[in-house]
Amino acid sequence: MKFPVAVKMSNTSLKTTGEWRSINWRKLERRVYKLQKRIYQASARGDVKTYRRLQKTLMNSWSARALAVRRVTQDNCGKKTAGVDGVKSLTPQQRLTLVNKLKLGSKVNPTRRVWIPKPGKDEKRPLSIPTMKDRALQALVLIALEPEWEARFEPNSYGFRTGRSCHDAIEAIFNCIRYKPKFVLDADISKCFDKINHKALLRKLNTSPTTRHQIRAWLKAGVMDNKQLFPTSEGTPQGGTISPLLANIAGRLFGRKSIVASQLP
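Source: prediction; values computed, not measured.

**Describing the overall build of the protein chain**
- Assigned secondary structure in the protein chain consists of 11 helices and 4 strands.
- Within the protein chain, the fraction of its 265 residues that count as buried is 37%.
- Contacts in the protein chain between residues at least 24 apart in sequence constitute 72% of all its contacts with a sequence separation of at least 6.
- A total accessible area of about 17100 Å² is found for the protein chain, and carbon and sulfur atoms account for 53% of it.

Structure below.
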C-alpha cells in the first residue's frame, strides 16, 4: 500500500512560482513587438539615432528580459542542454532572478563543445553551447538587433530568418523559373560559421559600444572540449542563440557573385 508523501515548500517558492505562471505573456509580447516595429521602421528609413535609442530601451525593459529568459528556458528545443556550468534547467524562482540579473557587460563563460553526427555521414559537426545565462542574454540582444537587420536583409534571403523556411525559398525558385527556363545553382559555403572574421563582422555590425563589446566577448569566449580550453579567434559558436543572425550579417560582407564564384571548381 502506497501512502502519499507530503512535500514541503516554502512560501517564497510558492510565491515566485505563482508570479512566473501568472505573467501575462501576451501583454509582454505586444509591448516588445511595438518597440521592435518602431526599430524596424527607423532602420528602414536610415534613422540610426532613433533605432539605437529604441534598442537600448528594449534591452532595459523587463518585458524583453522576461521573454528572453522564457524563450531559452522553456520554449527552445535545446533548453535541457547544459553549458560549462552544468545548469540544465531553472526553477520559476531562478528564472525571475535571472530576469533581474540580465545586463549587458556581464562576465562571459566559455562555451561547451558537443559533437553531433551529420545525417547520413560518419562525420560529426561541432556545437558550442553557451551557459543558460549567456543564452538568455544573447536572446535579449537578438530581440533588439533582429528588427534592425530585417529591414536591411535582401527580400530573397531565407536562411536563419524569423518566419521564413526552405519552403519559401522553393516557392521563390518555382515562381522564378516557371515561365522561363533558368539555371538554379546549389552551392554550400564550407564551414560558414567557423570561418567568420571577427573584426569584419563587428565592423559591419556597427552597433552601440556596449552591445559591440558584449558580442565581441561572446565571440572571444573560447570553447571547452574534453576539459581543455581552446581560443576562438574566428567564427561564431554554432549553438549560440544569436549566431544565426551574426552569420546572416557576415554574409552581407560579400557580394552574391563572389560567394557563388568561390564555390565553383
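**Remarks on a nonpolar patch on the surface**
- A cluster of nonpolar side chains, namely Ile173, Ile177 and Val184, defines an oily patch on the protein surface of about 220 Å² accessible area.
- Topologically, isoleucine 177 is positioned in helix α7 (residues 166-177).
- Residue isoleucine 177 is classed as partly exposed on the basis of its relative accessible area, which comes to 33%.

**Thoughts on the side chain of serine 128**
- Inspection of the secondary structure puts serine 128 in strand β2 (residues 124-129).
- Looking at serine 128, its side chain comes within polar contact range of the side chain of arginine 113, at 3.4 Å.
- In this view, serine 128 contacts Thr111, Arg112, Arg113, Val223, Pro237, Gln238, Gly239 and Gly240; residues no more than four positions away in its chain are not counted.

**Concerning the environment of glycine 240**
- Tracing the sequence through the fold places glycine 240 in the loop between β4 (228-230) and α10 (243-251).
- On the accessibility criterion, glycine 240 (8% relative accessible area) is buried.
- Leaving out residues up to four positions away in the same chain, glycine 240 has contacts with Ser128, Pro130 and Gln138.

**As for helix α2 (residues 25-44)**
- Given a rise of 1.5 Å per residue, 20 residues ought to cover 28 Å, and the 28 Å separating the end C-alpha atoms of α2 matches this to within 8%.
- Along α2, the residues that are buried comprise Trp25, Leu28, Val32, Leu35, Gln36, Ile39, Ala42 and Ser43. For α2, the angular spread of the buried residues around the axis is 125°, confining them to a single face. Opposite the buried face of α2, by more than 90 degrees, sit the exposed residues Arg26, Tyr33, Lys34 and Ala44.
- With its phi angle positive at about 80°, glycine 46 sits one or two positions after the end of α2.

**Topic: the packing of α2 against helix α6 (residues 132-150)**
- Running from amino to carboxyl end, α2 crosses α6 at an angle of 35°, the nearest separation of the two axes being 7 Å. For the crossing formed where α2 meets α6, the hand is right-handed. Residue-level contacts link Val32, Gln36, Ile39, Tyr40 and Ser43 of α2 to Ile143, Ala144, Pro147, Glu148 and Glu150 of α6.
- Of the residues that constitute the contact of α2 with α6, the class distribution is 6 nonpolar, 2 polar and 2 charged.

**Some thoughts on empty space enclosed by the protein**
- Tallying each qualifying case throughout the model produces 1 cavity of 30 Å³ or more.
- When its volume is computed, the largest cavity comes out at roughly 50 Å³.
- Around the largest cavity, the lining residues are Val108, Asn109, Thr111, Pro130, Asp134, Gln138, Trp218, Ala221 and Pro237.
- Class assignment of the residues belonging to the lining of the largest cavity gives a composition of 5 nonpolar, 3 polar and 1 charged.

**A look at a positive patch on the surface**
- A grouping of Arg26, Lys27, Arg30, Arg31 and Lys34 is seen on the molecular surface, where their side chains present a positively charged patch.
- Relative to the helices and strands, lysine 27 is located in helix α2.
- By relative accessible area, lysine 27 is classed as partly exposed at 38%.

**Concerning helix α4 (residues 62-75)**
- An ideal rise of 1.5 Å per residue puts 20 Å on 14 residues; α4 measures up with 18 Å between its terminal C-alpha atoms.
- Among the residues making up α4, those that are buried are Ser63, Ala64, Arg65, Ala66, Leu67, Ala68, Val69, Val72 and Thr73.

**Quick notes on the layout of surface pockets**
- The space that makes up the second largest pocket amounts to roughly 660 Å³.
- In terms of lining residues, the second largest pocket is bounded by 24 residues, among which Gln36, Arg71, Ile143, Glu146 and Thr162 are the most central.
- Only α2, α4, α6 and α10 provide two or more residues apiece to the lining of the second largest pocket.
- In the lining of the second largest pocket, the residues fall into 11 nonpolar, 5 polar and 8 charged.

**Concerning unusual backbone geometry**
- Look at asparagine 206: it is not a glycine, yet its phi comes out positive at around 50°.
- One can find asparagine 206 in the loop between α8 (198-205) and α9 (209-219).
- At lysine 227, a residue that is not glycine, the phi angle is positive and equals roughly 65°.
- Tracing the chain through its elements places lysine 227 in the loop between β3 (223-225) and β4.
- By relative accessible area, lysine 227 is classed as exposed at 81%.

Thresholds, definitions, all that
Residues numbered from 1 in each chain as written. Predicted model: local features only at pLDDT ≥ 70, side-chain atom pairs only at ≥ 80, totals over all residues. Heavy atoms only, no water. Helix = DSSP H or I, 4+ residues; strand = E, 2+ residues; numbered from the N terminus. Buried < 20%, exposed > 50% of the residue type's maximum accessible area, 1.4 Å probe, protein only. Contact = heavy atoms within 4.5 Å. Areas by Shrake-Rupley, 256 points an atom, 1.4 Å probe, with all protein chains shown as cover. Patch = residues over 30% accessible without salt bridge, like charges linked within 9 Å, V, L, I, M, F, W, Y side chains within 5 Å. Salt bridge = Lys/Arg side-chain N within 4 Å of Asp/Glu carboxyl O. Polar contact = N/O pair within 3.5 Å; in protein donor to acceptor, adjacent residues only side chain to side chain. Expected span 1.5 Å × (residues − 1). Arc of directions from axis to C-beta. Axes fitted to C-alpha atoms, helices over the stretch in contact; angles between N-to-C directions. Left-handed = near helix turned anticlockwise from the far one by under 90°. Nonpolar A, V, L, I, M, F, W, Y, C, P; charged D, E, K, R; others polar. 1 Å grid on protein atoms, 1.4 Å probe; cavity = no way out; pocket = protein on both sides within 12 Å on 5 of 7 lines; lining within 4 Å. Points joined across faces, edges and corners; volume = space filled by probe spheres on them. Lys, Arg positive; Asp, Glu negative; His and termini not counted. Charge placed at Lys NZ, Arg CZ, Asp CG, Glu CD.

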